[in-house]
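Summary of structural features
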Protein chains: 4
Amino acid sequence: KTQQKIKELFGREEAEVHFFAGGTQANATILSSFLRPHQAVIALDTGHIYANEAGAVEGCGHKVIPCRSFPKSQGKIQAEMVLEVLKNHGSDHVVEPKALYISNSTELGTIYTKKELEDLHSICQKYQLIFYLDGARLGNALASEGNDVEWTDLLNYFDAIMFSATKNGALYGEVAIFKSPQKGFRRLMKQKGALMAKTFAIAMQLEVLLEDGLYMQLARHSNQMAQKLKKGLEKLQYDFYSDSLTNQLFPVFPVHIIKELKKEFAFLQMFSWGEEKEVCRLVTSWATQEREIESFLNTIAKLKG
Amino acid sequence: KTQQKIKELFGREEAEVHFFAGGTQANATILSSFLRPHQAVIALDTGHIYANEAGAVEGCGHKVIPCRSFPKSQGKIQAEMVLEVLKNHGSDHVVEPKALYISNSTELGTIYTKKELEDLHSICQKYQLIFYLDGARLGNALASEGNDVEWTDLLNYFDAIMFSATKNGALYGEVAIFKSPQKGFRRLMKQKGALMAKTFAIAMQLEVLLEDGLYMQLARHSNQMAQKLKKGLEKLQYDFYSDSLTNQLFPVFPVHIIKELKKEFAFLQMFSWGEEKEVCRLVTSWATQEREIESFLNTIAKLKG
Amino acid sequence: KTQQKIKELFGREEAEVHFFAGGTQANATILSSFLRPHQAVIALDTGHIYANEAGAVEGCGHKVIPCRSFPKSQGKIQAEMVLEVLKNHGSDHVVEPKALYISNSTELGTIYTKKELEDLHSICQKYQLIFYLDGARLGNALASEGNDVEWTDLLNYFDAIMFSATKNGALYGEVAIFKSPQKGFRRLMKQKGALMAKTFAIAMQLEVLLEDGLYMQLARHSNQMAQKLKKGLEKLQYDFYSDSLTNQLFPVFPVHIIKELKKEFAFLQMFSWGEEKEVCRLVTSWATQEREIESFLNTIAKLKG
Amino acid sequence: KTQQKIKELFGREEAEVHFFAGGTQANATILSSFLRPHQAVIALDTGHIYANEAGAVEGCGHKVIPCRSFPKSQGKIQAEMVLEVLKNHGSDHVVEPKALYISNSTELGTIYTKKELEDLHSICQKYQLIFYLDGARLGNALASEGNDVEWTDLLNYFDAIMFSATKNGALYGEVAIFKSPQKGFRRLMKQKGALMAKTFAIAMQLEVLLEDGLYMQLARHSNQMAQKLKKGLEKLQYDFYSDSLTNQLFPVFPVHIIKELKKEFAFLQMFSWGEEKEVCRLVTSWATQEREIESFLNTIAKLKG
């Protein structure tokens, strides 16, 4: 069955696998399955659970302790940030940090190296933190050029991982995998409204995605489209807010060019950057076509004049 | 768009429509959008939110105040039960009842008449209760023979309604509809992990189900299969725990017959009933075939000998 | 220090003691320190956490599973009720019962025998339930005539106990005691707003109450006042809803007599009982004086005529 | 009665007054009475609810959105910070900011001017934010030399205020006051475990504190003690992290001096500041005596050599 296939992908027979319909739900349910009420999770302030999930984790009663991403980090939490948080949370008047959240690839398109994961894992071991991976874009991380982490490495570091089918070809479906059995997790899923009546419809999609490496193939494609776009923009001398190797790019565009681009293309404006410029967010997917990239590059080249 | 079609179905332009992946999530999110922390919802003790959702509503911090189903009711809450709860909840030391939950068809397969809905609605008006309909099996109720309620009646009574596509042909998908705009509801959905990345995949299924009356046709079919089964069982002189007109039946079978039936058919044993007997739960669906019903009846007839 | 004194009272050096300002807060905080989100606590429907704390436990996200008090019990939960709940909570679609709550003396003034506590404790052991005692009126239980339980017995049975100073002479102050250290409990108290800035003011009151047996002496006094009242009412041939041996009485009075009594005395009307009668709740305290009892008895005797 | 006296102090007859045992509880209960689940409160990252209450507000499900105190602010939130938060919280994927929390005097001992309160109030009006004042040290603010705000001004700006008796002479007791009646608040208090059985014991203490200006007199005394200490430390050429006018001082001391001081005096070390130095927190109270200040100054003068 599909769960078995997923355990094999991660190389860990004693793992426990569950299916979710959405990622925000998966993150909040998994984290709250580990935490007592006064315990909190550490994350970057760019972390999806901190910045983009409408307080889902706080809605379960747990503080998300933010570390500042800017300017030291590129969407990647650093060992010293975690140690700083631990140092400041010794008193009974503050929450107890009990979990560490990272995303890979990150919200800025960057990826963690094996060495970085090992370092964070060591801290988690030492201070008894749960180490959790939000793999909404895990495929993109593992399929990226600079990556040195393998699927079978992951459960050596993480206590639990979520990775997304929705973001990589499926209509809906996220996978939660625990290093070891997580007692009572299905009841917790039911309580959070996450137990699907027809789970098979998620499993079926994963069957297909995990066959013959399709999942990685789709991720690689979207990375390639983004990297092609990146090279094109670099040639046009645009700067980037982060050095992304995956399918999210954060170029800095002048405001007047953004205005024109928006007429044809859909993308997010993130925040102001210097005079009359903004950091934008361009995302490619498994469905992005080469000619769409070319069309974007042509358009912006023309606008630049 | 699909939302428009649904508003038309309910005959209410100013309604607000949202899509969910699952029913437990829809129930808890909708109810918690109405309630302040110290407020509670009244339900029968057979009500799905009280009995079968792993404390999803309580998980949002709200007590579900149970009314006893047995022996006065057949899965239908009665006006006097609601009044009794209100009478007992006047003090500051108890929760404030602020919503009334019913399901139609009920968890016992029974349905509410227009008159009954009107009576409950009057109480809700008088005591400022939110009136909420869990329509997980709403199609079965409205397609049932004894029914005198129409789609366009519903938002005259209820402040919010959930009805299910999952339980009536779709792979997943539930619809929430509010009588009037419910401010901030999409943010609440996001917080509860209920906002889907690809909502269109739910909408598409509903498009199909709501075209040419397919939704009602499927519901009618499952009702008919159940009623055929019911007649067959009555002919064999089996009793029923409730007088269901829809697609859930609750026959009383002797334990030794249950044991044999279970070898061939999947159904739930609910609870003991008299000596060596149990109330069982038989559910038909849009996919149930006539010959499956006949096969069940033949088997039990043979077992009875 | 006071905590040491309390450990000695319970005869358990490895216990952990905390002070609260109020009982509802203590109950909810202690229970939530043991429970994961999908776990629930079993209680009688007369239990204070179920009936009189405005959903404080549900407010922490946990269902309180009610067992019916009437007519089998006199405010005391019975082993078979707990077993019945466990039997019905096997599925992933229902909460997981993880704690058993009782109060002693109960909300109906009755008390548990050693044998009863042992039986409930055995079930808790067998099914890994936390066994929790709400001792808001623990002094009254232990000081009552029919009691065979000692302070030093209690932590053999219970994982945690709350007992009240407020209800037995103090201005405010409740004591929480855990059988073994409860990790992180002070942080949880802080989160729940239960950590007092000047805890010494509670400790001081307990110092006094626990010196020279004052606590038990006050409890005994209030019991005696109630029992005197009980005998007087029995002589006047009034019936009682429960057979209380402590300081709460539940006599059945005719409505017209209640109306007159209310002009002079403050007490609660609980619920109707037969024709034109109601069950009332009379509570004595450490401060109740013999002549107040006599005055009540004289008044009612006159009213009866 | 005491509540009336308090309404008079604030010059607002239609206000609603409640008593709490502790401040953390008051903050969380009041804020959660205003917020729907997906709504959040804006605060400085030095704000007590963000930094020192063990996630009490998050424990009620609400995110606290932090604004950076350092380096622009001295513990006082600025209008532009609030506007920045509002600008960044327009999407359905983030919480909805619905309340603004400030403390006066602040956690850094500074105070708000009338003008500053007016500005923040305007923003709250414009964007429909609840404006909440944590007055744990409100007496110190209003009794401070630089203050231009009066008690009767406060409910022109704030929707709700908590001010502390515990921190200004009482054994325990905090006052919550709402600009207008807050429906159902006593039930919410009960649910949060905040309703005291013997509220009169808090009211009595307030009666005394509010008579003949005792409350302000005690606050003024503690301010004076702190300001005397401040002048002494300035004379010894110590720097301060914030320019406090009230009873909390934040001097920067060399580490070796801190080490010696700690042998005799109790105070907090906050964080490192430059080389071999730390910001410390010195707090005076209604009970601080002049000779204690002198003793501290003498000791540190000697240590400095």
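Everything below is about the structure shown above.
Quick summary incoming for the structure in this document. (Residues numbered from 1 in each chain as written. Chains lettered and ligands numbered in written order. Predicted model: local features only at pLDDT ≥ 70, side-chain atom pairs only at ≥ 80, totals over all residues. Heavy atoms only, no water.)

**Quick notes on the overall build of chain A**
Formally: For the purposes of this entry, the term helix denotes a DSSP run of H or I that reaches at least four residues, the term strand denotes a run of E that reaches at least two, and both are numbered from the N terminus. Taken over C-alpha atoms, the radius of gyration is set against a globule rule of 2.2 Å times the number of residues to the power 0.38. The buried label goes to any residue with under 20% of its type's maximum accessible area, the exposed label to any with over 50%, and the partly exposed label to all in between, with areas taken from a 1.4 Å probe on protein chains only. Pairs of residues are marked as contacts when any of their non-hydrogen atoms sit within 4.5 Å.
Counting secondary structure elements, chain A contains 13 helices and 11 strands. On C-alpha atoms alone, chain A measures out to a radius of gyration of 20 Å, which is about the 19 Å that the 2.2 N^0.38 rule sets for 305 residues. C-alpha atoms of chain A, sized along the principal axes, occupy 60 × 45 × 35 Å. Counting only residues that meet the buried cut, chain A has 61% of its 305 residues in that class. Intrachain contacts of chain A at a sequence separation of at least 6 include 70% that bridge at least 24 residues.

**Examining the packing of aromatic side chains**
All names here are of chain A. Operational definition: By convention, a stacked pair of Phe, Tyr or Trp rings (six-membered ring in the case of Trp) has centres within 6.5 Å and planes under 30 degrees apart, an edge-to-face pair has planes over 60 apart, and any other such pair is tilted.
As enumerated under the stated definition, the model contains 74 aromatic pairs over all chains in all. When the centroid spacing of 4.3 Å and the interplanar angle of 40° are considered together, the rings of Phe-131 and Phe-158 count as tilted. Placement of the pair is Phe-131 in strand 5 (residues 130-135) and Phe-158 in the loop between helix 8 (151-157) and strand 6 (160-164), with a sequence separation of 27 residues. We classify Phe-158 as buried; its relative accessible area is 0%. When the centroid spacing of 4.7 Å and the interplanar angle of 70° are considered together, the rings of Phe-178 and Phe-185 count as edge-to-face. Phe-185 carries the same exposure label as Phe-178, and that label is buried.

**With respect to the relation of the copies chain A and chain D**
One copy of the chain maps onto the second through a rotation around an axis plus a translation along that axis. Put simply, the rule reads: The superposition of copies rests on a least-squares fit of C-alpha positions from residues with pLDDT of 70 or more in both.
Least-squares fitting of chain A to chain D yields an RMSD of 0.0 Å, with the transformation described by 0.0 Å of translation along the axis and a rotation of 180°. As the rotation angle and translation indicate, the two copies are arranged about a two-fold axis. Residues of chain A ranked by C-alpha distance from the rotation axis are headed by Gly-61 of chain A, positioned 2.4 Å from it. Interface overlap between copies is the fraction of interface residues in one copy that are interface residues in the other; for chain A against chain D it reaches 100%, indicating a shared surface.

**Considering the interface of chain A and chain D**
Where the parts come together, the accessible area they lose is often given as the size of the interface. The condition is simple: A simple way to read buried area is as the amount of 1.4 Å-probe accessible surface that goes missing from two parts once joined, with both sides added. Whenever Lys or Arg places a side-chain nitrogen within 4 Å of a carboxyl oxygen from Asp or Glu, that contact is recorded as a salt bridge. Distance and chemistry together define a polar contact, namely a pair of N or O atoms within 3.5 Å, with one atom able to donate a hydrogen and the other to accept it when in protein, and with adjacent residues in sequence counting only for side-chain atoms on both sides. When residue character is reported, Ala, Val, Leu, Ile, Met, Phe, Trp, Tyr, Cys and Pro are called nonpolar, Asp, Glu, Lys and Arg charged, and the others, Gly included, polar.
Facing 17 residues of chain A, the contacting portion of chain D comprises 17 residues. Counting the surface lost from both chain A and chain D, the interface buries some 1,400 Å², and carbon and sulfur atoms represent 48% of this. It is Ala-54, Glu-58 and Lys-63 of chain A in chain A that bury the most area against chain D; as a group they hold 36% of the surface buried on that side. Summed over the shared surface of chain A and chain D, the result is two salt bridges. The salt bridge partner of Lys-63 of chain A is Glu-58 of chain D, with a shortest N-O separation of 3.5 Å. Here chain A is connected to chain D by seven residue pairs in polar contact (both at pLDDT 80 or more). Of all the elements in the fold, those that place two or more residues in the side of chain A that touches chain D are helix 3 (48-51) and helix 4 (56-59) of chain A. Broken down by class, the residue content of the side of chain A that touches chain D amounts to six nonpolar, six polar and five charged.

**Some remarks on the pairing of strand 6 (residues 160-164) of chain D**
Residue and element names in this part refer to chain D. Test applied: Following DSSP output, two strands are said to pair if at least two bridges run between them.
Of all five residues in strand 6, five are buried, a share of seventy percent or more. On strand 6, burial covers both faces: Ala-160, Met-162 and Ser-164 on one face and Ile-161 and Phe-163 on the other are all buried. Where strand 5 (residues 130-135) lies against strand 6, four bridges are found, and the strand directions are parallel. Residue pairing across strands places Leu-133 opposite Ile-161, the latter belonging to strand 6. Of the pairings in the sheet, the one linking strand 6 to strand 7 (residues 174-178) comprises five bridges and is antiparallel in character. Its bridge partner being in strand 7, Ile-161 is matched across the sheet by Ile-177.

**A closer look at the sheet that holds strand 7 (residues 174-178) of chain C**
The strands that make up a sheet are held in pairs by hydrogen bonds between backbone atoms, and each pair lies either parallel or antiparallel. Residues and elements named next belong to chain C. The cut-off we apply is this: To obtain each axis, a line is fitted to C-alpha atoms, and for helices this fit is confined to the stretch in contact; angles are then taken between N-to-C directions over 0 to 180 degrees.
Here seven strands make up an open sheet; going across it, the order is 1-7-6-5-4-2-3 and the pairing mixed. The sheet is open, and its two edges are formed by strand 1 (16-20) and strand 3 (64-67), each paired on a single side. Taking each pair of neighbouring strands and ignoring which way they run, the sheet shows an average axis angle of 20°. Inspection of the sheet shows strand 4 (residues 96-103) paired to strand 5 (residues 130-135) by five bridges, in the parallel sense. Counterpart to Tyr-101 in the pairing with strand 5 is Tyr-132.

**Some details on the packing of helix 11 (residues 214-235) of chain C against helix 13 (residues 290-304) of chain C**
All names here are of chain C. What counts here: Just so you know how the angles are binned, under 35 degrees is roughly parallel, over 145 roughly antiparallel, 65 to 115 roughly perpendicular, and the rest oblique. Note on convention: the crossing is left-handed when the near helix lies turned anticlockwise from the far helix by less than a right angle, right-handed when the turn is clockwise.
Interaxial distance between helix 11 and helix 13 falls to 10 Å at its minimum, and their mutual angle equals 20°. As judged from the angle between their axes, helix 11 and helix 13 are roughly parallel. The crossing of helix 11 and helix 13 is right-handed. Contacts between helix 11 and helix 13 involve Met-225, Lys-228, Leu-229, Gly-232 and Leu-233 from the first element and Glu-290, Ile-293, Glu-294, Phe-296, Leu-297 and Ile-300 from the second. The class makeup of the residues in the contact of helix 11 with helix 13 is seven nonpolar, one polar and three charged.

**A word on the pattern of salt bridges**
Applying the stated criterion across every chain yields a total of 48 salt bridges over all chains. Across the salt bridge formed by Asp-92 of chain B and Arg-186 of chain D, the nearest N and O atoms sit 2.8 Å from each other. Of this pair, Asp-92 of chain B sits in the loop between helix 5 (79-87) and strand 4 (96-103) while Arg-186 of chain D sits in helix 9 (residues 185-191), which puts the two residues in different chains. Taking relative accessible area as the criterion, Asp-92 of chain B reaches 26% and is therefore assigned partly exposed. The partly exposed category is assigned to Arg-186 of chain D, whose relative accessible area is 40%. Among the charged side chains, a network of salt bridges with common partners joins Lys-5, Glu-207 and Glu-211 of chain A.

**Section: the relation of the copies chain B and chain A**
After a rotation of 180° and a shift along the axis of 0.0 Å, chain B superposes on chain A with an RMSD of 0.0 Å. When the interface residues of chain B are mapped onto chain A, 100% of them are again interface residues, pointing to one common binding face.

**Considerations on the sheet that holds strand 2 (residues 39-44) of chain B**
Residue and element names in this part refer to chain B. An order of 1-7-6-5-4-2-3 is seen for the seven strands of this open sheet, with the pairing classed as mixed. The open sheet has two edge strands with one neighbour each: strand 1 (16-20) and strand 3 (64-67). Across the sheet, the mean angle separating the axes of adjacent strands is 20° when strand polarity is ignored. Pairing of strand 2 with strand 3, which is carried by four bridges, proceeds in the parallel orientation. In the strand pairing of strand 3, Leu-44 is matched with Cys-67.

**Some points on the interface of chain B and chain A**
Tallying the contact residues gives 25 residues for chain B and 25 residues for chain A. For the pairing of chain B and chain A, the buried interface totals around 1,800 Å² over both sides, and the portion due to carbon and sulfur atoms is 60%. Three residues, Lys-190, Gln-191 and Lys-198 of chain B, lead the burial of chain B against chain A; their summed loss comes to 29% of the area buried on that side. The interface formed by chain B and chain A includes zero salt bridges. Taken together, the connections running from chain B to chain A amount to eight residue pairs in polar contact (both at pLDDT 80 or more). Contributions of two or more residues to the side of chain B that touches chain A are made by helix 2 (23-34), helix 4 (56-59), helix 9 (185-191) and helix 10 (200-210) of chain B. Here the side of chain B that touches chain A gets three residues from one element, more than from any other, and that element is helix 9 of chain B. Counted by class, the side of chain B that touches chain A contains 11 nonpolar, nine polar and five charged residues.

**Remarks on the side chain of Thr-288 of chain B**
Residue and element names in this part refer to chain B. With respect to the helices and strands, the residue Thr-288 is situated in the loop between strand 11 (277-283) and helix 13 (290-304). On the accessibility criterion, Thr-288 (14% relative accessible area) is buried. One polar contact links the side chain of Thr-288 to the main-chain amide nitrogen of Ser-285, over a distance of 2.7 Å. When near neighbours in sequence (up to four residues on either side) are disregarded, Thr-288 contacts His-221, Met-225 and Ile-293.

**Regarding unusual backbone geometry**
All names here are of chain A. Put simply, Asn-104 and Ser-105 share a cis peptide bond, and its omega is -10°. The residue Ser-105 is located in the loop between strand 4 (96-103) and helix 6 (114-126) in this model. For Asp-212, which is not glycine, the phi torsion reads 50° and is therefore positive. Relative to the helices and strands, Asp-212 resides in the loop between helix 10 (200-209) and helix 11 (214-235).

**What about helix 5 (residues 79-88) of chain A?**
All names here are of chain A. Formally: Along the arc lie the directions from the helix axis toward the C-beta atoms.
Taken residue by residue, helix 5 has Met-81, Val-82, Val-85 and Leu-86 as its buried positions. Buried residues of helix 5 fall within an arc of 135° about the axis and therefore sit on the same side. Residues of helix 5 that are buried make contact with strand 2 (39-44), strand 3 (64-67), strand 4 and helix 6.

**A word on the side chain of Thr-299 of chain A**
All names here are of chain A. Mapped onto the elements, Thr-299 comes out in helix 13 (residues 290-304). We classify Thr-299 as buried; its relative accessible area is 14%. Within the structure, Thr-299 has its side chain in polar contact with the backbone oxygen of Ser-295 (distance 2.7 Å). Residues contacting Thr-299, with those up to four places away along its chain left out, are Leu-261, Glu-264 and Phe-265.

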